[in-house]
Amino acid sequence: MNYEDTYSSWKSDPEHFWMGAAKAIDWFKFPSHALDESRKPFYTWYSDGEVNTCFNAVDRHVEGGLGKKVAIIYDSPVTGIKRTLTFDELLEKTAKFAGALKRSGIQKGDRVIIYMPMIPEAIIAMLACARLGAIHSVVFGGFASKELAVRIDDAQPRAIISGSCGIEPSGIVPYKPLLDNAIEQSVHKPEFCVVYQREQLEAPLVFGRDHDWDEFQKGSVSCPCLPVYGSDPLYILYTSGTTGQPKGVVRPTGGHLVSLMWTMENFYGVQQEDVFWAASDVGWVVGHSYIVYAPLFAGNTTVLFEGKPIGTPDPGTFWRVIEEHGVKTLFTAPTAFRAIKRSDPDGNYIKKFDTSTLKALFLAGERADPDTIKWAAQKLKVPVIDHWWQTETGFPMVGCPLGLDSPSIKIGSAGLPMPGFQIKVLGNDGKELEPGKLGSIAVKMPLPPGALPTLWNADERFKSAYLSRFPGYYETGDAGVIDSEGYVSIMARTDDVINTAGHRLSTGAIEEVLTEHPDIAECAVIGVKDELKGQIPIGFICLNAGVNRKLEEIMIEAVSSVREKIGPVASFKTVVVVDRLPKTRSGKILRGTMLKIADGDDFTIPATIDDITSLDEIRESLEKVGYPK
Ligand code: COA
Ligand code: AMP
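Residues numbered from 1 in each chain as written. Chains lettered and ligands numbered in written order. Predicted model: local features only at pLDDT ≥ 70, side-chain atom pairs only at ≥ 80, totals over all residues. Heavy atoms only, no water.

S.K.: Whenever I open this one, the pairing of strand 21 (residues 384-388) confuses me. Can you help?
M.R.: Within a regular strand, the side chains alternate between the two sheet faces. Counted residue by residue, strand 21 has five buried out of five residues, so it is predominantly covered. Across the two faces of strand 21 the burial is the same, with Val384, Asp386 and Trp388 and Ile385 and His387 all buried. By the bridge criterion, three bridges tie strand 20 (residues 360-363) to strand 21 in an arrangement that is parallel. Residue pairing in the sheet places Phe362 in a bridge with Ile385 of strand 21. Following the chain from strand 20 across helix 14 (residues 370-380) to the adjacent parallel strand 21, one finds a crossover that is right-handed. Strand direction decides the pairing type here: strand 21 and strand 22 (residues 398-399), joined by two bridges, are antiparallel. Note on strand 22: the bridge partner recorded for Trp388 is Val398. (Buried < 20%, exposed > 50% of the residue type's maximum accessible area, 1.4 Å probe, protein only. Helix = DSSP H or I, 4+ residues; strand = E, 2+ residues; numbered from the N terminus. Pairing = 2+ DSSP bridges. Right-handed = clockwise from strand over helix to strand, strands pointing away.)

S.K.: Would you mind showing me how to read the sheet that holds strand 14 (residues 228-229) here?
M.R.: Across a sheet, paired strands are connected by hydrogen bonds in the backbone, their directions being either parallel or antiparallel. If you trace the three strands from one edge of the open sheet to the other, you get 1-4-14, paired in antiparallel fashion. In the strand order of this sheet, the two ends are held by strand 1 (27-29) and strand 14, each with one partner. Pairing of strand 4 (residues 50-51) with strand 14 involves two bridges; the strand directions are antiparallel. Bridging from a neighbouring strand, Val51 pairs with Val228 of strand 14.

S.K.: Before we go on, may I ask you to explain the sheet that holds strand 18 (residues 301-305) in this structure?
M.R.: Pairing within the open sheet is mixed, and its nine strands lie in the order 6-5-18-17-19-20-21-22-23. Both edges of this open sheet fall to strand 6 (81-86) and strand 23 (416-417), since each of them pairs with a single strand only. The pairing of strand 5 (residues 70-76) with strand 6 spans six bridges and is antiparallel. Of the residues in strand 6, the one forming a bridge with Ser76 is Ile81. Packing against the sheet, helix 5 (residues 120-132) makes contact with strand 5, strand 6 and strand 18, and its axis sits at approximately 30 degrees to strand 6. Where helix 12 (residues 334-343) meets the sheet, it contacts strand 19 (329-332) and strand 20, and its direction lies at approximately 95 degrees from that of strand 19. (Contact = heavy atoms within 4.5 Å. Axes fitted to C-alpha atoms, helices over the stretch in contact; angles between N-to-C directions.)

S.K.: Before we go on, may I ask you to explain the site of ligand 2 in this structure?
M.R.: Around ligand 2, the surrounding shell holds 15 residues, and the nearest of these are His387, Thr391, Asp478, Arg493 and Arg504. The separation between a nitrogen atom of ligand 2 and a polar main-chain atom of His387 is 2.8 Å. Separating an oxygen atom of ligand 2 from a side-chain N or O atom of Thr391 is a distance of 2.5 Å. The protein chains hide 93% of the 490 Å² of surface that ligand 2 would expose on its own. (Near = heavy atom within 4 Å. Polar contact = N/O pair within 3.5 Å; in protein donor to acceptor, adjacent residues only side chain to side chain. Areas by Shrake-Rupley, 256 points an atom, 1.4 Å probe, with all protein chains shown as cover.)

S.K.: Hey, could you run me through unusual backbone geometry in this one?
M.R.: Comment: phi is negative for the bulk of residues other than glycine, and the bulk of peptide bonds are trans. For the peptide bond that leads from Lys40 to Pro41, omega is 5 degrees, which places it in the cis range. Looking at the element boundaries, Pro41 is found in the loop between strand 2 (35-36) and strand 3 (44-45). Of note, the amide linkage connecting Thr312 to Pro313 takes the cis form, showing an omega dihedral of 0 degrees. In this fold, Pro313 is placed in the loop between strand 18 and helix 11 (317-325). The phi torsion at Gln156 lies on the positive side, around 50 degrees, for a residue other than glycine. Within the secondary structure, Gln156 sits in the loop between helix 6 (145-155) and strand 9 (159-163). The partly exposed category is assigned to Gln156, whose relative accessible area is 39%. Even without being glycine, Ala501 reaches a positive phi, approximately 50 degrees. Classification of Ala501 as buried rests on a relative accessible area of 17%.

S.K.: Any chance you could explain the nonpolar core here in plain terms?
M.R.: Nonpolar side chains in soluble globular proteins generally cluster together in the buried interior. Ranked by size, the top nonpolar core spans 118 residues in total, and within it Phe97, Leu101, Ile161, Tyr290, Tyr293 and Ile423 carry the most contacts. A per-element tally of this core places helix 5 first, with ten residues. Setting aside anything within four residues of it in sequence, one finds Leu101 in contact with Ile106, Ala128, Cys129, Leu132, Ile161, Phe192 and Phe216. With 25 residues, the next largest nonpolar core counts Val275, Trp277, Trp319 and Leu361 among its residues. (Core = buried A, V, L, I, M, F, W, Y, C linked by side-chain atoms within 4.5 Å.)

S.K.: Looking at this model, I keep getting lost on the state of the cysteines. Mind explaining?
M.R.: Two cysteines joined by a covalent bond between their sulfur atoms form a disulfide. Enumeration over the complete set of coordinates arrives at zero disulfides. Unpaired in terms of disulfides, Cys129 finds its nearest cysteine sulfur in Cys54, a separation of 10 Å. Cys129 sits in the buried class, given a relative accessible area of 0%. Considering cysteine sulfurs only, Cys523 is the nearest to Cys542, which forms no disulfide, with 8.4 Å between them. (Disulfide = S-S within 2.5 Å.)

S.K.: Can you help me understand the site of ligand 1 in this one?
M.R.: The environment of ligand 1 is formed by 23 residues, the closest being Glu168, Lys308, Pro309, Lys533 and Arg563. Split by residue class, the shell around ligand 1 holds eleven nonpolar, seven polar and five charged. (Nonpolar A, V, L, I, M, F, W, Y, C, P; charged D, E, K, R; others polar.)

S.K.: Would you mind going over the packing of aromatic side chains with me for this structure?
M.R.: The relative placement of two aromatic rings is captured by the distance of their centres and the angle of their planes. The tally for this structure, following the rule as stated, stands at 39 aromatic pairs. Consider the rings of Phe305 and Phe318, whose centres lie 5.8 Å apart with planes at 90 degrees: the pair is edge-to-face. Here the residue Phe305 occupies a position in strand 18, and Phe318 occupies one in helix 11, the gap between them amounting to 13 residues. Like Phe318, Phe305 is buried. Pairwise contacts between aromatic rings join Phe17, Trp18, Trp27, Phe30, Trp45, Tyr46 and Trp262 into one cluster. Just above the ring of Phe143 sits the side chain of Arg151; from NZ or CZ to the centre is 4.6 Å. (Phe/Tyr/Trp six-rings, centres within 6.5 Å; stacked < 30°, edge-to-face > 60°. Lys NZ or Arg CZ within 6 Å of the ring centre and 35° of its normal.)

S.K.: Mind showing me how you'd approach the pairing of strand 30 (residues 520-530) here?
M.R.: Sheet topology note: the strand 30/strand 31 (residues 534-543) ladder contains ten bridges and is antiparallel. Each bridged residue has a counterpart across the sheet, and for Ile520 the counterpart in strand 31 is Leu543. Between strand 30 and strand 31, which pair antiparallel in sequence order, lie three residues.

S.K.: Help me understand the environment of Leu179 in this model?
M.R.: Tracing the chain through its elements places Leu179 in helix 7 (residues 176-185). Residue classification places Leu179 among the buried positions, given a relative accessible area of 0%. For the pair Leu179 and Val625, spaced 446 residues apart in sequence, the C-alpha separation works out to 35 Å. Beyond its immediate stretch of four places on either side in the chain, Leu179 contacts Tyr115, Leu148, Ile160, Ser162 and Cys193.

S.K.: Looking at this structure, how should I read the side chain of Lys424?
M.R.: Here Lys424 lies in strand 24 (residues 423-426). With sequence-adjacent residues up to four places away left out, Lys424 is seen in contact with Glu432, Ser440, Ile441, Ala442, Tyr473 and Ile482.

S.K.: Hey, could you run me through the pattern of salt bridges in this one?
M.R.: As a working rule, side chains carrying opposite charge can pair if their charged atoms are close by. One pass over the structure, following the stated rule, counts 41 salt bridges. Among the salt bridges present, the one from Asp210 reaches Arg209, with a minimum N-O distance of 2.7 Å. Taking relative accessible area as the criterion, Asp210 reaches 8% and is therefore assigned buried. One salt bridge connects Arg338 with Glu366, and the closest N-O pair in it is separated by 2.8 Å. Note that Arg338 is positioned in helix 12 and Glu366 in the loop between strand 20 and helix 14, a separation of 28 residues in sequence. Given the relative accessible area of 12%, Glu366 is considered buried. (Salt bridge = Lys/Arg side-chain N within 4 Å of Asp/Glu carboxyl O.)

Purely geometric numbers; function is a separate question.
Below you can see the structure in the form of structure tokens.
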């Protein structure tokens, strides 16, 4: 089918469309209906169906004769290790680990936090939770103790599964001290932890609380898949909102299975025999959906790559992986390609490898700038397809689906709305804007299967964060335009979320950390343009009266407190000390104006500004640290 017919078949009868798509999944009990509106606006899907995620990712392929096929290729240039796991092996390891969790008391509905690097054991842990109906919550390894502690307190896990360390190009990152610290800070305490000891750095275990990964499983009995309801949560994934308290996005089991399975053939144009590679991290939604779940649901081979696009060892690493493993589809963030392009502008490393198995490159996670798209298309000679989605939706909202006759791509636009998403651009008054006009991007409710039904333990926050501004719509937090042919372009965020190297960060959360410093009276953090990472945060701080310590010392402390509390992933390296922040007469900090000054964009001085000279101070202090670039 082509895109237009598919989209209109969904629009004319969503129930029929999603019941049809559900047939691609193996259910213990097929659902009697797709949409359940009984708890509106907390819509659920396939709520009376009975199903298991792990069964669909692993067991059914073994039962279907694919046991000897490679399910996971682990390729780790940072350790020099390459390993494969067949579906048979994945089943054996997952069922055994699930058995051990069960023996330790983990049951359906219990939360389990997973804080692990990009190793196969992270996938085994996720699938083992799914097997038991336990709800996993993976925390990205680049987050530090405080972020982990906040998630422990919110998710209240009975267990935490961790790796002893991560390996970054800069060296070994010990995870265990971060974990111990987080447990010390959190009010809720897990009953036990399981630690996968990596040979690069073994971690000391806390007696009575921590178990070694191998010891933990000794003598455990393999555990079968537990049927759960379609509406039962599979996982919680925390993402940045406008405050320091991240939002716990709930992923429902049935909708997640159906929507992801649907995307593999229809969106990515992937067949069962293909090798699929999402170069992301299991800690992000892209990793959940397209390193782990969707390729396994579809019986593909998925690549788990523990490395970076450059420096591990060079900008040819992506091309080596494609050649060596026969990758057909690559999915990554534009920043990865910006990094490669910067290191190897002529694409000389590409010429050293045979990338002929590659049929398409998909980009998401941040705005794909036209230069990067053109460079990638020219060098790789494959379609480069931008697509837009969020942690909240779990799968693409907008794109040019390769599997639906590839509608033509417009560079600069993320593409066309996918089935399930009726996308509108709304003005501040909530009225739909005409084509070409910039406004807030909203999606008509109900959201499709797989998208969040609510936030973990926070129904009211779900309503206030997403549903209150535009009644009847889900507010995406992004601003953009739709052109006369229906193509959607994503231009900016409407809140204080910024995107650093494809990672979603809250400037509000960074501000909360800075204001905890005893010498800092107030602060503002903005996300300035960055050639490589898209945006990076910089902080403006005002000191308390009477502070007479060296400014450099305070600035270093401010930077390291963000690194220690939020994590290195925030890429927070620049702090500027100012006497006062520009504000409106009612006291609102003019972050938008500060950003325009930093980015060198034109701006009009807000009529409500309290003290116009405060802008001069911002300009001068930015110049000292090299902005605008
Ligand atoms: N565990 C521990 N630390 C981590 C980490 C992890 N899983 N991931 C990143 N970090 C650290 C890095 O080591 C770095 O620390 P440093 O300040 O000591 O150098 C810091 O967090 C920032 O990391 P990163 O954003 O990766 O920047 P970088 O300068 O190391 O690399 C790129 C730049 C562009 C190569 C890199 O950002 C990249 O590969 N991006 C791809 C984006 C991506 O996969 N996005 C996911 C969404 S699709
Ligand atoms: P996350 O929830 O971490 O996946 O981040 C989602 C956010 O990243 C979106 O709300 C957008 O702001 C941004 N984003 C993701 N994909 C794109 C894209 N293709 N174009 C522009 N912005 C994007």
